[in-house]
Amino acid sequence: MKTLNLFLPCAGGVEDYLADEVHGLTGLVGEDLLTLRGGVRVRGDWDLVLRLNLLSRLAQRVLIELAHAPCRDADALYALAAGVAWEDWFTPRQRFRVDLTAQASSLASLNFATLRVKDAVADRFRAQAGGVRPSIDTRHPDVRVTAHLDADHATLYIDTSGEPLFKRGWRQDKGEAPLKETLAAAMLAACGWWQPATRTVSALPLYDPCCGSGTIVIEAAQLALGVPAGGQRHFAFERLKPFVPAAWQALRGELAQAQAPVGPAAAARIFGSDVAHRMVDFAQRNAARAGVAEAVQLRGGDALQRLPPSATPGVLLLNPPYGERIAAAGVAGARGHGREAFQHAGGVERHTGDEFFARLAAHWKTHYGGWTAWLLSPDPKLPGRLRLKESRRVPLWNGPIECRLFRFDLTARGAGQATPPSPGGPG
């Protein structure tokens, strides 16, 4: 097959890390690997499509670009789609759907633009296959066609991933608003615990004291053990015409052996805990399904009370509770009841989250001197709530929510500095 132009979309702020990951997995540089807004562009062959789907932890999908041309109206879009040899990729017996995105497009109706692409694909098959055309299935399609419009151009892709790549296949137990696996991997890259360009992981202990269903620690453990990100799922390319099952199985076996990480082994240095024992049970079951149960230590316990899991200082990496989650975060949040919960003391209003974060920082100063804490939050005032000065803030997007990954270098509390009292009283 000829050289393919691929686009790998990712969350905002992750583009450079994704480019590093693709370089680390493939060795590609220069014009074969370009960092763009919202993803990276890659040139390679069909085998590269399979490799990136199986191994990438940061890409949302792997799209093959099939057409790109100026497009100022729906007729031009129809003509562009009708000129693609869709019959080279799937058959009229398969069902397909069209997903369309736009940025500053001049087309008045994106729904109509989507319909024009659908019509062009169907009409192409009708002309090529003796009047037979594929059916539309928006819920469970065999094939996904993606169109992107900007102010002057349209680009058509075929999606080789199917379900987004953050769906690794192991997370069956989850709580409310779970962190996406791709974002957890981005956090591991941004904090430096994982170096995607060199495929190395740190020797430092990693601890998530608000681990929920275990996303961060399981991603870290799979990286430490060299477990392929997509090793437990299927992909849309398995339903495309270029797919050869025997070649795919051989490639999977080859890649599984080749993905042993460069650097130290896991050696029980990845830790997680959560105040909700139900969530710890979820995390343990997820870790078992992900093949990393022996590489992580998971415990129940309040983030405001648990002591360091390792004698060696390491990295605290967490998506801390906020809003409604403060109420379930621990003893300092026990009085909280949602995003608008306040405490009233001496006529002064204070958000219950302030109390939780102030006590969390005090606990860390007392017990976690020498550790580095990285917290993902949409709240730009988080350092003030923690009463800590950040040494770095990394922009990352959690879906449509703009967040920052804040770094805090923790130092031990000086003599004579008291810990703030618990809102529940002494003890």
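Residues numbered from 1 in each chain as written. Predicted model: local features only at pLDDT ≥ 70, side-chain atom pairs only at ≥ 80, totals over all residues. Heavy atoms only, no water.

## So, unusual backbone geometry
Consideration 1: The backbone of Ala-104 shows a phi angle near 60°, a positive value even though the residue is not glycine.
Consideration 2: Mapped onto the elements of the fold, Ala-104 is located in the loop between strand S5 (96-102) and helix H4 (110-128).
Consideration 3: In this structure, Arg-387 is a non-glycine residue whose phi angle is positive, near 60°.
Consideration 4: A relative accessible area of 52% means that Arg-387 is categorised as exposed. (Helix = DSSP H or I, 4+ residues; strand = E, 2+ residues; numbered from the N terminus. Buried < 20%, exposed > 50% of the residue type's maximum accessible area, 1.4 Å probe, protein only.)

## A look at the packing of helix H1 (residues 15-26) against helix H2 (residues 46-55)
Consideration 1: Where H1 contacts H2, the axes come no closer than 11 Å and their chain directions differ by 120°. Overall, the two elements H1 and H2 adopt an arrangement that is oblique. For the pair H1 and H2, the sense of crossing is right-handed. Between H1 and H2, the contacting residues are Glu-21, Val-22, Leu-25 and Thr-26 on the first element and Leu-48, Leu-52 and Leu-55 on the second.
Consideration 2: The class makeup of the residues in the contact of H1 with H2 is five nonpolar, one polar and one charged. (Axes fitted to C-alpha atoms, helices over the stretch in contact; angles between N-to-C directions. Parallel < 35°, antiparallel > 145°, perpendicular 65-115°, else oblique. Left-handed = near helix turned anticlockwise from the far one by under 90°. Contact = heavy atoms within 4.5 Å. Nonpolar A, V, L, I, M, F, W, Y, C, P; charged D, E, K, R; others polar.)

## Some remarks on H4
Consideration 1: The end-to-end C-alpha distance of H4, which contains 19 residues, comes to 27 Å, matching closely the 27 Å that a straight helix rising 1.5 Å per residue would cover.
Consideration 2: Taken together, the buried positions of H4 are occupied by Ala-113, Thr-114, Arg-116, Val-117, Lys-118, Ala-120, Val-121, Ala-122, Arg-124 and Phe-125.
Consideration 3: Elements that come into contact with the buried residues of H4 comprise helix H3 (74-82), S5 and strand S6 (143-149).
Consideration 4: Regarding H4, its N-cap is Ser-109, as a side-chain oxygen of that residue lies 3.1 Å from the backbone nitrogen of Phe-112 further along.
Consideration 5: A positive phi of about 65° marks Gly-130, the residue just after H4. (Expected span 1.5 Å × (residues − 1). Polar contact = N/O pair within 3.5 Å; in protein donor to acceptor, adjacent residues only side chain to side chain.)

## Focus on the pattern of salt bridges
Consideration 1: Summed over the entire model, instances satisfying the criterion amount to 20 salt bridges.
Consideration 2: Measuring nitrogen to oxygen at the nearest pair gives 2.7 Å for the salt bridge that ties Asp-159 to Arg-61. Residue Asp-159 is located in strand S7 (residues 153-159), and its partner Arg-61 is located in the loop between H2 and strand S4 (63-70); the two are separated by 98 residues in the primary sequence.
Consideration 3: Residue class for Asp-159 comes out buried when judged on its relative accessible area of 2%.
Consideration 4: Note that Arg-95 is salt-bridged to Asp-137, the shortest N-O span being 2.7 Å. In this pair, Arg-95 sits in the loop between H3 and S5 while Asp-137 sits in the loop between H4 and S6, placing the two residues 42 residues apart along the sequence.
Consideration 5: On the accessibility criterion, Arg-95 (36% relative accessible area) is partly exposed.
Consideration 6: Classification of Asp-137 by relative accessible area gives buried; the value is 13%. (Salt bridge = Lys/Arg side-chain N within 4 Å of Asp/Glu carboxyl O.)

## Quick word on the packing of aromatic side chains
Consideration 1: For the coordinates displayed, the defined rule picks out twelve aromatic pairs.
Consideration 2: Ring centres of Trp-46 and Phe-237 lie 6.3 Å apart, and the angle between their planes is 80°; this geometry places the pair in the edge-to-face category. Of this pair, Trp-46 sits in helix H2 while Phe-237 sits in the loop between helix H6 (215-225) and helix H7 (245-258); the two residues are 191 residues apart in sequence, bridging distant segments of the chain. Phe-237 shares its class with Trp-46; the two are buried.
Consideration 3: Summarising the aromatic geometry, the rings of Phe-235 and Phe-237 are spaced 5.2 Å apart at their centres and angled 10° between planes, so their arrangement reads as stacked. (Phe/Tyr/Trp six-rings, centres within 6.5 Å; stacked < 30°, edge-to-face > 60°.)

## A few points about the sheet that holds strand S10 (residues 206-208)
Consideration 1: Taken in spatial order, the seven strands make up an open sheet running S12-S11-S10-S13-S16-S18-S17, and their pairing is mixed. The sheet is open, and its two edges are formed by strand S12 (296-300) and strand S17 (392-398), each paired on a single side. Adjacent strand axes in the sheet meet at a mean angle of 20° when their direction is disregarded.
Consideration 2: In the sheet, strand S13 (residues 315-318) pairs with strand S16 (residues 372-377) via four bridges, with the strands oriented parallel. Looking at the pairing, Leu-318 lines up with Leu-375 of S16.
Consideration 3: Relative to the sheet, helix H5 (residues 181-190) contacts S10, S13, S16, S17 and strand S18 (401-409), its axis offset from that of S17 by approximately 165°. (Pairing = 2+ DSSP bridges.)

## Let's talk about the sheet that holds S7
Consideration 1: As summarised here, the arrangement of the seven strands in space is S2-S3-S1-S4-S7-S6-S5, forming an open sheet in which the pairing is mixed. In the strand order of this sheet, the two ends are held by strand S2 (33-36) and S5, each with one partner. Strand after strand, the sheet turns through a mean of 30° between neighbouring axes, direction not considered.
Consideration 2: Bridge count between S4 and S7: seven bridges; the pairing is antiparallel.

## Focus: H1
Consideration 1: For H1, with twelve residues, the first-to-last C-alpha span of 16 Å sits near the 16 Å given by 1.5 Å per residue.
Consideration 2: Turning to H1, its buried residues number three or more, namely Glu-15, Tyr-17, Leu-18, Ala-19, Glu-21 and Val-22.
Consideration 3: One or two steps after H1, the chain reaches Gly-27, where phi turns positive at roughly 80°.

## Describing the state of the cysteines
Consideration 1: Enumeration over the complete set of coordinates arrives at zero disulfides.
Consideration 2: Free cysteine Cys-211: the closest other cysteine sulfur is in Cys-210, separated by 8.3 Å. (Disulfide = S-S within 2.5 Å.)

## Focus on the pairing of S12
Consideration 1: Pairing geometry for strand S11 (residues 270-274) and S12, over five bridges, is parallel. Residue pairing in the sheet places Gly-272 in a bridge with Leu-298 of S12.
Consideration 2: Once you follow S11 into helix H8 (residues 277-289) and on to S12, the crossover reads as right-handed. (Right-handed = clockwise from strand over helix to strand, strands pointing away.)

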